[in-house]
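Structural characterization, general
Single-letter residue listing:
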There are 2 protein chains.
Amino acid sequence: MENFSALPLVVLAEKFAALPGIGMKTAQRLAYAVMEMPEKDVQAFADAILGAKKHIHDCPVCQNLTEQALCPICSSAKRDHATVCVVEGPKDVAAIERTNEYHGVYHVLHGLISPLDGVRPEDLRINALLDRIREGGISELIMATNPSVEGEATAMYLSRLCKPLGVRVTRLAFGLPVGGVIEYTDSVTLFRALSNRSEM
Amino acid sequence: MENFSALPLVVLAEKFAALPGIGMKTAQRLAYAVMEMPEKDVQAFADAILGAKKHIHDCPVCQNLTEQALCPICSSAKRDHATVCVVEGPKDVAAIERTNEYHGVYHVLHGLISPLDGVRPEDLRINALLDRIREGGISELIMATNPSVEGEATAMYLSRLCKPLGVRVTRLAFGLPVGGVIEYTDSVTLFRALSNRSEM
């Protein structure tokens with residue numbers, strides 16, 4: 001049986017498959033979809049990919065992605081610059097902004113400490129955070145890393161590093177998710193919900 | 001609350017979301033993934049998109065995607081050029097080739113007749129198929145369109161059009177999928193499996 005596949009299509013499918021959560025089957029479907037797009041849409045797609053990478057850089061203060069010299073949050077006078085929410089990645093900033101309830105600023109670590117994956121503290125934006133604290137004006141760090149082993153370890157590591165610099169370090173609350181069902185909640189979460197119970 | 005999203009990232013997410021089966025949430029995840037890719041990988045991704053569209057065209061005979069003047073299947077002396085399998089799209093050619101059991105050639109319609117979606121017979125590569133039949137040398141057309149309303153209608157339409165030209169027109173068999181369970185099989189499939197039963 002001959003190789004019937006057109007090579008550039010295979011190459012494109014492999015690029016799609018390199019993206020997170022995209023398997024080879026979905027990647028092939030996407031490659032075929034690109035083939036069916038009009039020429040100008042294909043060009044616009046390629047331009048969007050290059051444009052995003054070219055025009056977006058890390059904010060020199062909070063390390064979040066931005067296309068401006070200083071990101072809109074860091075440059076806003078309406079935000080509380082004394083409170084810094086420390087997160088793993090830009091996606092977490094977007095999630096917390098969606099609550100519309102947080103008025104402080106952020107610090108994006110661009111990863112979590114994970115010795116198994118070879119991610120050491122020096123691979124994260126920790127020095128930039130320490131510099132911000134040393135410059136003064138920051139009173140509280142909210143550790144908003146995921147409730148995973150790596151997230152907990154990173155929060156703990158940063159807490160030990162930053163507390164001696166005279167800032168208050170807090171952690172997101174753990175407990176039942178809103179709308180959750182006690183019967184189906186894992187025991188660790190249930191234990192956390194019990195120990196953090198509040199007066200009614 | 002300020003708009004914290006970097007615009008080129010939103011543009012890129014929208015491009016991903018325009019692909020089939022990719023929702024806005026997945027699209028955002030993919031856009032962030034592109035941001036985390038090294039510069040050269042991003043360039044290679046954009047090149048693959050443009051390259052696929054630029055170097056691949058429709059085979060002048062079977063209308064399948066190819067980067068050669070004539071596709072490998074149409075130009076192969078090992079294939080039976082008297083048997084033409086008529087399919088909706090290039091994905092179907094790939095699926096049938098994977099069986100390693102079909103040795104004829106193909107004709108890709110690039111769609112199915114669907115009045116509800118505004119797809120008329122003249123929007124498909126039907127004239128190219130009629131030209132192939134009129135040129136002679138084709139003895140059988142195998143209608144391998146999906147067992148959907150549109151697939152059935154297209155097969156029926158083509159059958160009426162092509163039979164008068166003196167070719168045998170056949171349809172893929174319907175029945176239980178291999179590994180299927182009778183209990184969970186829909187009644188239409190079960191009816192087809194019953195009426196097409198064979199001697200043991």
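Residues numbered from 1 in each chain as written. Chains lettered and ligands numbered in written order. Predicted model: local features only at pLDDT ≥ 70, side-chain atom pairs only at ≥ 80, totals over all residues. Heavy atoms only, no water.

Attention shifts here to the pattern of salt bridges. All names here are of chain B. Applying the stated criterion to the full structure yields 16 salt bridges over all chains. Note that Arg-168 and Glu-140 form a salt bridge whose closest N and O atoms lie 3.3 Å from each other. Within this pair, whereas Arg-168 is found in strand S6 (residues 168-171), its partner Glu-140 is found in strand S5 (residues 140-143), the two being separated by 28 residues in sequence. With relative accessibility at 54%, the residue Arg-168 sits in the exposed group. On the accessibility criterion, Glu-140 (15% relative accessible area) is buried. (Salt bridge = Lys/Arg side-chain N within 4 Å of Asp/Glu carboxyl O. Helix = DSSP H or I, 4+ residues; strand = E, 2+ residues; numbered from the N terminus. Buried < 20%, exposed > 50% of the residue type's maximum accessible area, 1.4 Å probe, protein only.)

What follows concerns the interface of chain A and chain B. In this complex, chain A contributes 53 residues to the contact, which on the side of chain B involves 53 residues. For the pair chain A and chain B, the summed buried surface comes to about 5200 Å²; carbon and sulfur atoms form 74% of the total. At the boundary of chain A and chain B, one finds 8 residue pairs in polar contact (both at pLDDT 80 or more). When contributions to the side of chain A that touches chain B are tallied by element, the ones reaching two or more residues are helix H1 (7-17), helix H2 (24-36), helix H3 (39-55), strand S2 (65-66) and helix H4 (90-98) of chain A. (Contact = heavy atoms within 4.5 Å. Buried area = accessible area lost by both parts, 1.4 Å probe. Polar contact = N/O pair within 3.5 Å; in protein donor to acceptor, adjacent residues only side chain to side chain.)

A word on the domain arrangement of chain A. Often, the extent of an interface is quoted as the loss of accessible area on bringing the components together. Here chain A is partitioned into domain 1 (8-38) and domain 2 (76-171). Averaged C-alpha coordinates put domain 1 of chain A and domain 2 of chain A at centres separated by 36 Å. (Domains from an automatic or database assignment.)

Turning our eyes to something else, we now look at the sheet that holds strand S6 (residues 168-171) of chain A. Residue and element names in this part refer to chain A. One open sheet holds the 4 strands; their spatial order is S4-S3-S5-S6, and the pairing between them is parallel. With partners counted over all chains shown, the strands left at the sheet margins are strand S4 (104-108) and S6, one partner each. On average, each strand axis in the sheet is tilted by 30° relative to the strand beside it, whichever way the strands run. Looking at chain direction, strand S3 (residues 80-87) and strand S5 (residues 140-143) are connected through 4 bridges and run parallel. Its bridge partner lying in S5, Thr-83 is registered against Glu-140. (Pairing = 2+ DSSP bridges. Axes fitted to C-alpha atoms, helices over the stretch in contact; angles between N-to-C directions.)

A few words now on the relation of the copies chain A and chain B. Two copies of the chain are present, and they differ by a rotation about an axis and a shift along that axis. Mapping chain A onto chain B is achieved by rotating through 180° and translating by 0.0 Å along the same axis, at an RMSD of 0.1 Å. As the rotation angle and translation indicate, the two copies are arranged about a two-fold axis. Closest approach to the rotation axis among the C-alpha atoms of chain A is made by Ala46(A), whose C-alpha sits 2.3 Å away. Of all interface residues in chain A, 100% are interface residues in chain B too; the two copies therefore contact each other through one and the same surface. (Least-squares fit on C-alpha atoms with pLDDT ≥ 70 in both.)

Considering soluble globular proteins, one finds that nonpolar side chains tend to be buried as a cluster. Core analysis: the largest hydrophobic core is formed by 48 residues, its most contacted members being Phe16(A), Leu19(A), Phe45(A), Phe16(B), Leu19(B) and Phe45(B). Those elements that place two or more of their residues in this core are H1, H2 and H3 of chain A together with helix H1 (7-17), helix H2 (24-36) and helix H3 (39-55) of chain B. In contact with Phe45(B), not counting residues within four places along its chain, are Leu12(A), Lys15(A), Phe16(A), Leu19(A), Ile49(A), Phe16(B), Val34(B) and Met37(B). (Core = buried A, V, L, I, M, F, W, Y, C linked by side-chain atoms within 4.5 Å.)

Residues and elements named next belong to chain B. Within strand S4 (residues 104-108), 5 of the 5 residues are buried, which leaves the element mostly enclosed by the surrounding structure. The pairing of strand S3 (residues 80-87) with S4 spans 5 bridges and is classified as parallel. Its bridge partner being in S4, Val-84 is matched across the sheet by Val-105. Read as a crossover between parallel neighbours, the route from S3 over helix H4 (residues 90-98) to S4 is right-handed. (Right-handed = clockwise from strand over helix to strand, strands pointing away.)

Scanning all chains against the criterion turns up 7 aromatic pairs over all chains. Centroid distance Phe16(A) to Phe45(B): 5.4 Å. Interplanar angle 85°. Geometry classified as edge-to-face. Pair noted here: Phe16(A) is in helix H1 and Phe45(B) is in helix H3, and the two residues belong to different chains. Each member of the pair Phe16(A) and Phe45(B) is classed as buried. An aromatic cluster is built from Phe16(A), Phe45(A), Phe16(B) and Phe45(B), whose rings are joined through pairwise contacts. (Phe/Tyr/Trp six-rings, centres within 6.5 Å; stacked < 30°, edge-to-face > 60°.)

Residue and element names in this part refer to chain B. Sheet architecture is open: 4 strands sit in the order S4-S3-S5-S6, paired in parallel fashion. Every interior strand has two partners, whereas the edge strands, S4 and S6, have only one. Between one strand and the next, the sheet's axes are offset by a mean angle of 30°, whatever the strand orientation. Sheet strands in contact with H4 are S3 and S4, and its direction is about 160° off that of S4. Strands S3, S5 and S6 of the sheet are contacted by helix H6 (residues 149-162), whose axis makes an angle of about 170° with S6.

All names here are of chain B. Structurally, Thr-83 can be placed in strand S3. Of the polar contacts made by the side chain of Thr-83, one reaches the side chain of Asp-80; its length is 2.6 Å. Contact partners of Thr-83, with chain neighbours within four places excluded, come to Tyr-102, Gly-104, Val-105, Glu-140 and Ile-142.

Okay, the packing of H1(A) against H2(A) next. Residue and element names in this part refer to chain A. One way to put it is that H1 packs onto H2 with a least axis distance of 8 Å and a crossing angle of 125°. Taken together, the axes of H1 and H2 are oblique relative to one another. For the element pair H1 and H2, the recorded crossing hand is right-handed. Between H1 and H2, the contacting residues are Leu-9, Leu-12, Ala-13, Glu-14, Phe-16 and Ala-17 on the first element and Met-24, Ala-27, Gln-28, Leu-30, Ala-31, Tyr-32, Val-34 and Met-35 on the second. (Parallel < 35°, antiparallel > 145°, perpendicular 65-115°, else oblique. Left-handed = near helix turned anticlockwise from the far one by under 90°.)

With respect to the helices and strands, the residue Glu36(B) is situated in helix H2. Distance in space between the C-alpha atoms of Glu36(B) and Ile133(B) is 52 Å, their sequence separation being 97 residues.

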